Amino acid sequence: MLFKTFPSEGWNRTDTLKWRLPASNTNGNKAGVSLLLRTEQYPYSNIAVEVIVYVDTTNLLHERKQFVLSESSSQPTHIVGNRFDYTLPIGNTDTRDTFNICVLHLMADTLLKGIHQVGIKAGQPLCDEEEVVWKVRW
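The relation between two aromatic rings is expressed through the spacing of the ring centres and the mutual angle of the planes. The tally for this structure, following the rule as stated, stands at three aromatic pairs. Consider the rings of Phe 6 and Trp 11, whose centres lie 5.3 Å apart with planes at 20°: the pair is stacked. In this structure, Phe 6 and Trp 11 share a single accessibility class: buried. Directly above the aromatic system of Phe 3 lies the positively charged group of Arg 38, at a separation of 4.3 Å from the ring centroid.

This brings us to the pattern of salt bridges. Under the criterion given, the structure shown has two salt bridges. Asp 85 is the salt-bridge partner of Arg 38, the closest N and O atoms lying 3.7 Å from each other. Taken together, the residues span a long stretch of sequence, with Arg 38 in strand β4 (residues 30–40) and Asp 85 in strand β8 (residues 83–94) at a distance of 47 residues. Relative accessible area serves as the criterion here: at 25%, Arg 38 is assigned to the partly exposed category.

Once that is clear, we can look at the pairing of strand β11 (residues 115–123). Where strand β1 (residues 2–5) meets β11, four bridges bridge the pair, whose relative direction is antiparallel. In the sheet register, Phe 3 faces β11, and the bridge partner there is Gly 119. Where β4 lies against β11, eight bridges are found, and the strand directions are antiparallel. Looking across to β11, one finds that Leu 35 is bridged to Ile 120.

Across the 11 residues of β4, eight count as buried, placing the element largely inside the fold. Bridge analysis of β4 against β8 gives 11 bridges, and the strand direction is antiparallel. Bridge pairing links Leu 36 to Thr 87 in β8.

What counts and how
- Residues numbered from 1 in each chain as written.
- Predicted model: local features only at pLDDT ≥ 70, side-chain atom pairs only at ≥ 80, totals over all residues.
- Heavy atoms only, no water.
- Phe/Tyr/Trp six-rings, centres within 6.5 Å; stacked < 30°, edge-to-face > 60°.
- Buried < 20%, exposed > 50% of the residue type's maximum accessible area, 1.4 Å probe, protein only.
- Lys NZ or Arg CZ within 6 Å of the ring centre and 35° of its normal.
- Salt bridge = Lys/Arg side-chain N within 4 Å of Asp/Glu carboxyl O.
- Helix = DSSP H or I, 4+ residues; strand = E, 2+ residues; numbered from the N terminus.
- Pairing = 2+ DSSP bridges.

Below, the structure is given as structure tokens:
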């Protein structure tokens, strides 16, 4: 898990978060990638983000995603006091390539308060068997 931490003011719309996921041979050739949120007193019940996944100069995914954040659903994945941790599925990737992932928020507020950390996690493949796996075909 790789986290980006924000100042107490919040996540600014101009803050493009970037991660590099190195190639690996775990879980066969497929891994599920999730966005991790750590929130406290986040004023909304949803979040909209733009996700870009690329290798070198090849874009594999450029998509707007909206997630409902709800205590009654399978989220949050963890609660500590007033802190809520959410795991939001992004997609599956071929682990033989090194991927770059960029995320920025698309909420109406320029400065998004209540989100303290955003992270990326690569782990077990996500359940959707029909989903396209991001991979580069050379």
